[in-house]
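Structural overview
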Amino acid sequence: MVKKVIEDIRAFLRGFGGAFKHQSTEYIEFEERELENVFALILMGSFVGIPSPPTTLVIRLMPHMVREMHVMQRRAIDMDDIFGEIAGMFDID
Amino acid sequence: MREFLIPKEDFRVVFVIGKGGVGKTTTSAALATALSKKGYKTLIVSLDPAHNLGDVFMVKLEDKPKELADNLYASELDMEKLIKSYLKHLEENLKHMYRYLTVINLEKYFEVLSFSPGIEEYATLEAIRNILLQGEEWDVIVFDTPPTGLTLRVLALPRISLIWTDKLIEIRRKILERRRMIVKIHGDQKFQVDGQEFVLPKEEEEDPVMKELKAYRSEVKFVEDVITDPKKTSVVTVMNPEMLPLYETKRAYESLKKFKVPFNMILINKVITVGREIPEIKVKLEAQRKVLEEIGKTFSGVEIVKIPMFAEEPRGLEWLEKLGGMVLEE
């Protein structure tokens, strides 16, 4: 019985800590995604009409850019609610 | 002999530039011939898509250097083929990596890419790089270039590419930094695409994007180092004694200075001298006098050589050697 209680408390604390952990990196994760998005956007710039870096370099980087392209696409999809995301991050309801 | 045309360290690279039709090809062929006669192992490469180097030597040339005489080798680069093979190679590479991503219709994409702005310049730069990489094989490499506009952009490319690459490296560093922070708290971050899972790279040494960026940077830096080194590279400009070529030469001079490419010599080709007065070409002679006067005033630290208009067209090795001697010797 006592064992069970201690176990529960432990699990609760772990969850509690996890939430904190998650919160602590929330901003950094957002920033990272944003940077990845920018990185991909710069490389794919010629598609949206901004000057693009050396074509050679772009083509050489492309095969390694799966993650960044994915982030960029997600970003484009979420674009209509970008303020929602920012508001959520700063705990504005 | 002119110091800047003969090898000093390892090998010498000479770019012959100028407006279309002023005699770049003949001049570079002549220079290469004269150098080879002096005992330097010389390679002359035509980068001009409108190939006529072979016409000057009166032989058919290909991408592979062909021995024309002792110490004299010549080749013509086939740009279209170069671009095609280049894109083909990349396409294979991409197809392999993106087999699970169907968002991009690769075939269509590559069709467009071969017409993408600047691809010709990049292919030219790539070709120059490949030749410079094997520079040790030769004493002198003479490049017969396409008309000024394209050449200037090609010579400026390494600089511009470096700026781009450095900026991208900077952003990439920031991304990796953030990833490391997150990993410290949550452990390795996984990423899933269509069932395939992989760990996000966080160190500079293991990130393929960073590796590619750095590899590209060092490749470009190599070209940049060679073409801005006065001990290795020199630029010879060919012009006619007319106003328009003069303006273009001035612009080339300014922009090469900006990119720190050594500009050593101006060759004024087809200078007309007449024994008696001919009223029909009086205006032309007057213009020529003006241009010659102005050249002396405009360019400092640049050697200026006049080549007269010959009674017959300088073709064939003998003629070329004679003409080349006038370029090479002081």
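What comes next is a walk through the structure. Everything numeric here is computed off the predicted structure, so don't read it as measured data.

Side note on the interface of chain A and chain B
Contact residues are listed per partner, giving 35 residues for chain A and 39 residues for chain B. Buried surface at the junction of chain A and chain B, both sides included, amounts to about 3700 Å², of which 74% is carbon and sulfur. Here chain A is connected to chain B by seven salt bridges. Residue Glu32 of chain A is joined to Arg179 of chain B by a salt bridge in which the shortest nitrogen-to-oxygen separation is 2.9 Å.

With respect to the packing of aromatic side chains
Under the definition given, this model contains nine aromatic pairs over all chains. Ring plane angle 90 degrees and centroid distance 5.3 Å describe the contact between Phe16 of chain A and Phe20 of chain A, whose orientation is recorded as edge-to-face. Separated by four residues within a single helix, Phe16 of chain A and Phe20 of chain A lie in helix 1 (residues 2-43), roughly one turn from each other. Of the residues examined, Phe16 of chain A reaches a relative accessible area of 45% and is grouped as partly exposed. Ring centres of Tyr253 of chain B and Phe299 of chain B lie 5.1 Å apart, and the angle between their planes is 90 degrees; this geometry places the pair in the edge-to-face category. Linking Tyr253 of chain B in helix 8 (residues 243-258) with Phe299 of chain B in the loop between helix 9 (282-298) and strand 10 (303-308), this pair joins segments that are 46 residues apart in sequence.

Observations concerning the nonpolar core
Residue and element names in this part refer to chain B. Phe15, Val45, Leu132, Ile141, Phe143 and Leu256 are the most contacted members of the largest nonpolar core, which totals 44 residues. Those residues in contact with Val45 that lie beyond four places of it in its chain are Ser75, Leu77, Ile131, Ile141, Val142, Phe143 and Asp144. Core analysis: the second largest hydrophobic core is formed by 32 residues, Leu5, Leu35, Val140 and Val236 among them.

Thoughts on a nonpolar patch on the surface
The grouping of Met1, Val2, Val5, Ile6, Ile9, Phe12, Leu13, Phe16 and Phe20 of chain A at the surface amounts to a nonpolar patch, some 990 Å² of accessible area in total. Within the secondary structure layout, Val5 of chain A lies in helix 1.

A closer look at the packing of helix 1 of chain A against helix 6 (residues 148-186) of chain B
Interhelical geometry of helix 1 of chain A versus helix 6 of chain B gives an angle of 155 degrees and a closest axis separation of 9 Å. The angle between the axes of helix 1 of chain A and helix 6 of chain B places the two elements in the roughly antiparallel class. Note on packing geometry: the crossing formed by helix 1 of chain A with helix 6 of chain B is left-handed. Looking at side-chain class alone, the contact of helix 1 of chain A with helix 6 of chain B contains 13 nonpolar, four polar and nine charged residues.

Details of unusual backbone geometry
Among all residues save glycine, negative phi is the norm, and among peptide bonds the norm is trans. Residue and element names in this part refer to chain B. A positive phi angle is found at Asp10, which is not glycine, with a value near 55 degrees. Here Asn71, not a glycine, exhibits a phi torsion of approximately 65 degrees, which is positive. Within the element layout of this structure, Asn71 appears in the loop between strand 3 (66-69) and strand 4 (72-76).

The rules behind these values
In this numbering scheme, every chain counts its residues from 1 along its sequence in written order. Going through the entries in the order they are written, you letter the chains from A and number the ligands from 1. Only residues with pLDDT of 70 or above have their local features reported here, since the model is predicted, and side-chain atom pairs are shown and tallied only from 80 upward, although totals for entire chains, interfaces and linings are computed over all residues. To get the side-chain values, all heavy atoms of the structure are used, and hydrogens and water are removed first. We call two residues in contact when some of their heavy atoms are within 4.5 Å. What counts as buried area is the accessible surface, traced by a 1.4 Å probe, that two parts surrender upon association, with contributions from both included. Put simply, a salt bridge is a Lys or Arg side-chain nitrogen that is within 4 Å of an Asp or Glu carboxyl oxygen. Here a pair means two rings of Phe, Tyr or Trp (six-membered ring of Trp) with centres within 6.5 Å. Their orientation is stacked below 30 degrees between planes, edge-to-face above 60, and tilted elsewhere. Per the convention used, a helix needs a DSSP run of H or I reaching at least four residues, while a strand needs a run of E reaching at least two, with both numbered from the N terminus. Buried residues are those whose accessible area, probed at 1.4 Å on protein chains only, stays under 20% of the maximum for their type, while exposed residues exceed 50% and partly exposed ones sit between those limits. Within this scheme, the nonpolar core is defined by two criteria: the residues are buried Ala, Val, Leu, Ile, Met, Phe, Trp, Tyr or Cys, and they are joined through side-chain atoms within 4.5 Å. Exposure above 30% relative accessible area and the absence of a salt bridge qualify a residue for a patch, where like charges join within 9 Å and nonpolar side chains (Val, Leu, Ile, Met, Phe, Trp, Tyr) within 5 Å. Where accessible areas are quoted, they stem from the Shrake-Rupley method and a 1.4 Å probe; at the residue level, only the protein chains shown are allowed to cover. Angles shown run from 0 to 180 degrees and are taken between the N-to-C directions of axes, each axis being a line fitted to C-alpha atoms and, for helices, limited to the stretch in contact. Note on angle classes: values under 35 degrees are labelled roughly parallel, values over 145 roughly antiparallel, values of 65 to 115 roughly perpendicular, and the remainder oblique. Each crossing is labelled by how the near helix is turned from the far one, with a counterclockwise turn of less than a right angle marking it left-handed and a clockwise turn marking it right-handed. Each residue is assigned to one of three groups, with Ala, Val, Leu, Ile, Met, Phe, Trp, Tyr, Cys and Pro labelled nonpolar, Asp, Glu, Lys and Arg labelled charged, and all others, Gly among them, labelled polar.

From the geometry alone we can't say anything about function, so treat these as descriptive.
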